[in-house]
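These are the residues of each chain, in order.
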Amino acid sequence: MRGTVAALLRKELLVELRTLESVPAMSLFAVTTFVVFHFALNRGSVEGDLGAGVLWVTLLFAAILGVNRLFVADAEQGGFDGFMLAPVDATAMLLAKMATLLCYLIALELVAVPAFALLLLGPSLGPSLPGLIGVLALGDLGVAAIGTLVAALAVRTRARDLLGPLLGLPLLVPIVIGGARATSPLLTLAHSAPSARWLVTLGLYDLVFGLIAYALFDFLLED
Amino acid sequence: MYGKRLRPLSIATIAAMALALALVFFYAPLDAEQGFLQKIFYVHVPLAIAALGGFVLGAVLAIAHLRTRDPRWDMRSYVAIHMSLIFAVGALITGSIWAKGSWGHWWVWNEPTLVSFLIVFLLYATYQPLRFAIEDPERQARYASVFAVTAGAFVPMNFIAVRLSTAYLHPRVLGSTSNLPGPMALTFVVSLLAIVLLYATLCTYELTAKHTRAQVRALRRRVLGETPEQEGRRPRSAAPTTAPGAAIGAEAAGRAL
Amino acid sequence: MPALELEGLARHYGERQALSDVSLELEQGRTLVVFGPNGAGKTTLLRVLATLLRPHAGRVCVLGRSLPQQAWAVRGHVGLLAHEPLLYRELSARENLRFHARLHGVGEARVSELIDAVQMQARAREPLRTLSRGMVQRVAVARAVLHDPELLLLDEPYSNLDPAAVELVAPLIGAGAGRTRVICSHDPAGGLAEADVVLGLRAGRQGLLRRAGEVGAPEISELYR
């Protein structure tokens, strides 16, 4: 199983490196969105609740871009068949795709968070950085699980680019709730710690939907 | 088979609804704070409960479909979710009316149940577009079932998350439904029963109608020798049709659903 | 133990029957050739045998294992050469084959062996999208036999190959290799030459089922009327 996941992950990252379809688009989208927010909100800096909201909404929509592309190569180039012909567990593909999406999200955040700190964030980010990384990690796990499930659902349908976001956004609302509420105190001058309640909520949500994705993924891979 | 249950169900529903209406207007006392407007609670909350129950039922039926691969479970799951969606719209509208009456706004964000409902509604509203976007009927049923299970798990998680996020400081606009005095509680229970019966009856009607249509198609195919292509360009719908195996002879089909 | 045992195999697509009541037996090492017009169900049959599609009715036994319950045991012993090459265009031939080798638990040496066998050494490191259709087909053949399957399923295998390439792949997918084969073909003469058993499909139904010597090209052409 581990070998299969590694082989799949390697293939995913290799294809992404060659085509550069997802990560640059996601990162650029995030930075541009920050600029749009500046003009839309008519503010030079944000903090607290507003800052958390701007950050999470931007990351969410940038993530959707990555989710949309996640299975496209497999659907168009017979990757599902090739995989299903091999004596491997379908869960391996789920784990590999989740890991891929996670890598994309981390790459996205490596660009988006500094950009956010530079362009829009009022208070300095330094002291809050460890806390922010923790919250983002919890949120990313949930986005990876739900994003992979939704991407697999949407990819072999007719309106795949529309259905992905339509299905995914409501499912991701609780992650935005937990993530934004947890991030908000980190983005204030006081640099307070996030409330444990939100971290537990995020963790619980990640766990539930991770299990759901694990249980249902097989049914999506069949023809 | 469903046809047999329709009449007693319909009669029971009409009786329950008549009784509920009578209780609501003539028996339940007026609420001290909200007055007559509060009576919409007897419609709004049962609709919400029926819708949520229906969504979870849809998820359970979808699990049955995934385990047995029998398309009849998928049909039942589809009807359950489809009907719940309609009831959910009813819950949203009555909730909105209630909010307007007691708070002055058509929408309030600090009523966590209403907000959770909106999110759940937005999710389930994608169920039919999802089905419509998949042409292969078997895959359509399978993907719809996966969605139904995911969404069914989402419902309670969503309510928890939204409830947590609504600040404790704001009072609940639409009032708590626990600690009801006797007459109100009785009225509420009867109303709930009436709405649940209405849900069951409407679902049974829809299942019977679909089943009958499928039987007619199967009979036409046998008697007139029509192929599916010849049956005319039926407009594509998001609803599932039963597979040939499930609707072959009249008696067999009678036992089937 | 026969390689294939089908009895009343059926598969529907909604209310349309894609395959109905297909029954046949094929011994190991033999070749079954399937003829039939487009939409007759040839590809569906192949995909059912490859465990990619579930049978909706009837009994299907591939290499002694019944489908769909034991599909997991069949995978790894079946090779499929489909209409699509099932390869990633952005990766090179070597990378694609290496990926499939890892999925099947096959070593690197076999990858090199097959790249040599289909004479793709010169362009094994270029992305597949830069190669011609014929070259991609050669790599697809390599992929299909990478794990040395007992049963080969070939969907019009020679369609994109020039005569030189056909000779090249013959040792891999031809009769000589000793594998059980199921071939979908549109070429009555060529197909008949390779067949031990002939199956004719028409609108999902079994039109004819004969041993190779008992049927001629004209009967095959009848299927296409």
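Reference entry: report on the structure contained in this document. Per-chain numbering applies: the sequence of each chain, read as written, is numbered from 1 onward. To label them, take the chains in the order written and letter them from A, then take the ligands in the order written and number them from 1. With pLDDT at 70 or above as the cut-off, local features in this predicted model cover only qualifying residues; side-chain atom pairs require 80 or more to be listed or tallied, and sums for whole chains, interfaces and linings still use all residues.

Across the contact, 23 residues belong to chain A and 22 residues belong to chain B. Elements are defined by DSSP. Helices are runs of H or I of four residues or more, strands are runs of E of two residues or more, and each kind is numbered from the N terminus. For the side of chain A that touches chain B, the secondary-structure elements that each account for two or more residues are helix H7 (129-155), helix H8 (160-183) and helix H9 (196-221) of chain A. When residues of the side of chain A that touches chain B are assigned to their parent elements, the largest contribution, 10 residues, is made by H8 of chain A. Per-class residue counts for the side of chain A that touches chain B are 17 nonpolar, 3 polar and 3 charged. Our contact criterion uses C-beta atoms placed from the backbone: two residues qualify when those atoms are within 7 Å. Put simply, Ala, Val, Leu, Ile, Met, Phe, Trp, Tyr, Cys and Pro go in the nonpolar bin, Asp, Glu, Lys and Arg in the charged bin, and everything else, Gly too, in the polar bin.

All names here are of chain A. A rise of 1.5 Å per residue sets the reference length of H8, with its 24 residues, at 34 Å; its end C-alpha atoms lie 32 Å apart and thus fit the reference within 8%. Here the bend at a residue is taken as the angle between two axes, fitted respectively to the seven residues that end there and the seven that start there. Along H8, the sharpest kink reaches roughly 40°, centred on Leu172 and followed within four residues by the proline Pro174. Here H8 lies mainly inside the structure; 18 of its 24 residues are buried. One less than the number of residues in a helix, times 1.5 Å, gives the span that helix is expected to have. Between the buried cut of 20 or more and the exposed cut of 12 or fewer other C-beta atoms within 10 Å of a residue's own C-beta lies the partly exposed class, and all C-beta atoms are placed from the backbone.

Contacts between chain C and chain A engage 23 residues on the former and 21 residues on the latter. The element that contributes the greatest number of residues to the side of chain C that touches chain A is helix H3 (residues 93-104) of chain C, accounting for 6 residues. Class assignment for the residues of the side of chain C that touches chain A results in 13 nonpolar, 3 polar and 7 charged.

Bringing the pairing of strand E10 (residues 205-211) of chain C into the picture now. Residues and elements named next belong to chain C. Any two strands with at least two DSSP-identified bridges between them are counted as paired. In this sheet, E10 lies alongside strand E9 (residues 197-202) in antiparallel orientation, the contact comprising 6 bridges. Directly across from Gly200, in E10, lies its bridge partner Leu208. As consecutive antiparallel partners, E9 and E10 are separated by 2 residues, and within that stretch Ala203 has a phi angle of approximately 55°, a positive value.

General note: in soluble globular proteins, nonpolar side chains tend to be found buried as a group. The biggest cluster of nonpolar side chains holds 215 residues, and the ones touching the most others in it are Leu153 of chain A together with Val34, Val139, Val141 and Leu153 of chain C. Per-element tally for this core: the top contributor is H7 of chain A, with 16 residues. Setting aside residues up to four positions removed in sequence, Leu153 of chain C forms contacts with Leu46, Leu49, Ala50, Val78, Gly79, Leu80 and Val182 of chain C. Think of a nonpolar core as buried Ala, Val, Leu, Ile, Met, Phe, Trp, Tyr and Cys residues, each tied to the set through C-beta atoms within 7 Å.

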